[in-house]
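# Geometric and topological summary
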Amino acid sequence: NITKPNLIFKDDLLTGENIDRLTRKLKDLGDIFNDKAAFAQMDGETVVYDVESSFPVAHGTEGGLFYGITYIHPGKVGQEYFMTKGHFHEIRNRGEYYCTLEGEGMLLLMDENGNTRAEKMIPGSIHYIPGNTAHRTANVGEQILSFSAFWPSDAGHDYGTISEKGFSEILIEQEGQPVLVPNIKQ
Ligand code: F6R
Ligand code: ZN
C-alpha cells in the first residue's frame, strides 16, 4: 500500500545487484522510542519504514554517490512519531541532501555538541545535511512520508552513537502538533 513516486523511481530501474531494499519493523527499533510501555503494547511486526537504495559503486569508494528513497509509514509510539534510527556518517564530515517526495515530515539534525534542530519536510522541500551532523526523519502526517537521499559513497553509517544516547531532543505530538522536547534519556 505504498504509493511509489514512479516518475522518479521506476521499478524497472530497480533491478540488478546494486539495488538494496530493507524494511525496519518496530521489533528492530526497540531502542529509539522513549515510551517503552506504549512500545510493549504494539505489534513488533508493524513496518515503520522501507529504504530502497542504489549503490552504483562499491561502498567506501571516494568520489562516488549513492541514492536512496525512504518510505516512512504513518504512526506513533505513544506520542512519538514513527521515525528512522538516525545516524552520523562514519566519516563524520560527509554531508547529504534529502528531497521530500510526498507526505509531511520533520528532519531532525543534531551537531556533535548535541544541539538539535528540525526542518519541516513537505513535497519538493530540499534539505542540506551538513557534515558532522546526525540526521533522523519522522513522519508527522497521516500518509506515507517519502524522500530521496543523495550521499557520498565513502560516508558510511555510524548508528551506535545514536542508539546509545539518542538525540538531545525528541519529536512528539502535543495538541495535534509536532514539538521538540528535551530527551530525558540523555
Ligand atoms: C543515508 C541516509 C538515508 C537513511 C534512511 C534510513 O545516508 O541518510 O538514506 O539511511 O533514511 O534511515 P537510517 O539509516 O537512519 O535507518
Ligand atoms: Zn545519512
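Reading the values: rules and limits
- Residues numbered from 1 in each chain as written.
- Chains lettered and ligands numbered in written order.
- Predicted model: local features only at pLDDT ≥ 70, side-chain atom pairs only at ≥ 80, totals over all residues.
- Heavy atoms only, no water.
- Donors = N, O, S within 2.8 Å, 3.2 Å for Na, K, Ca; no water.
- Tetrahedral: all angles 85-135°; square planar, octahedral: opposite > 155°, others 65-115°.
- Helix = DSSP H or I, 4+ residues; strand = E, 2+ residues; numbered from the N terminus.
- Buried < 20%, exposed > 50% of the residue type's maximum accessible area, 1.4 Å probe, protein only.
- Near = heavy atom within 4 Å.
- Polar contact = N/O pair within 3.5 Å; in protein donor to acceptor, adjacent residues only side chain to side chain.
- Areas by Shrake-Rupley, 256 points an atom, 1.4 Å probe, with all protein chains shown as cover.
- Nonpolar A, V, L, I, M, F, W, Y, C, P; charged D, E, K, R; others polar.
- Core = buried A, V, L, I, M, F, W, Y, C linked by side-chain atoms within 4.5 Å.
- Contact = heavy atoms within 4.5 Å.
- Pairing = 2+ DSSP bridges.
- Axes fitted to C-alpha atoms, helices over the stretch in contact; angles between N-to-C directions.

## Describing the coordination of the zinc ion (ligand 2)
Distances from the zinc ion (ligand 2) to its protein donors, His87 (NE2), His89 (NE2), Glu96 (OE) and His135 (NE2), fall at 2.1 to 2.3 Å. One can describe the donor arrangement at the zinc ion (ligand 2) as octahedral, given that its six donor atoms subtend angles of 72 to 175° at the metal. Within one chain, the residues serving as donors to the zinc ion (ligand 2) are arranged as H-x1-H-x6-E-x38-H. You can see Glu96 sitting in strand β7 (residues 96-102) and its partner His135 sitting in strand β11 (residues 133-139), a full 39 residues away along the chain. Considered together, Glu96 and His135 belong to a single accessibility category, that of buried residues.

## Quick look at the site of ligand 1
Near ligand 1 there are 16 residues, and of these Tyr49, Thr70, Tyr98, His157 and Tyr159 occur at the shortest range. Between ligand 1 and Tyr49, the relevant distance is 2.6 Å, taken from an oxygen atom to a side-chain nitrogen or oxygen of the residue. Interatomic distance of 2.7 Å between a side-chain N/O atom of Thr70 and an oxygen atom of ligand 1. Taken by itself ligand 1 offers 390 Å² of open surface, and the protein chains cover 96% of this. Those elements giving two or more residues to the shell around ligand 1 turn out to be β2 (47-54), β7 and β12 (145-152). Considering each element in turn, the shell around ligand 1 owes the most residues, three residues, to β12. Per-class residue counts for the shell around ligand 1 are seven nonpolar, seven polar and two charged.

## Observations regarding the nonpolar core
Leu26, Phe33, Val77, Phe82, Tyr98 and Leu171 are the most contacted members of the largest nonpolar core, which totals 36 residues. Only α1 (36-40), β2, β3 (65-72), β8 (105-111), β11 and β12 provide two or more residues apiece to this core. For this core, the element with the most residues is β8, which contributes five residues. Apart from the residues within four sequence positions on either side, Leu171 is in contact with Gln79, Glu80, Tyr81, Met106, Leu108, Ala138, Val140, Pro178, Val179 and Leu180.

## Thoughts on the sheet that holds β7
Pairing is antiparallel in the open sheet, where six strands are placed in the order β1-β2-β3-β12-β7-β10. Since the sheet does not close on itself, it has two edges, and those belong to β1 (19-25) and β10 (126-129), each with one partner. The average angle at which neighbouring strand axes cross in this sheet is 20°, direction not considered.

## As for the sheet that holds strand β9 (residues 116-121)
For sheets, the rule is that strands pair by backbone hydrogen bonds, running either parallel or antiparallel. In space, the three strands of this open sheet follow the order β9-β8-β11, with antiparallel pairing throughout. Across the chains shown, the open sheet's two edge strands, defined by having one partner strand only, are β9 and β11. With strand direction ignored, the average angle separating the axes of adjacent strands in the sheet is 20°. Pairing between β8 and β11: seven bridges, direction antiparallel. Bridged to Leu109 within β11 is His135.

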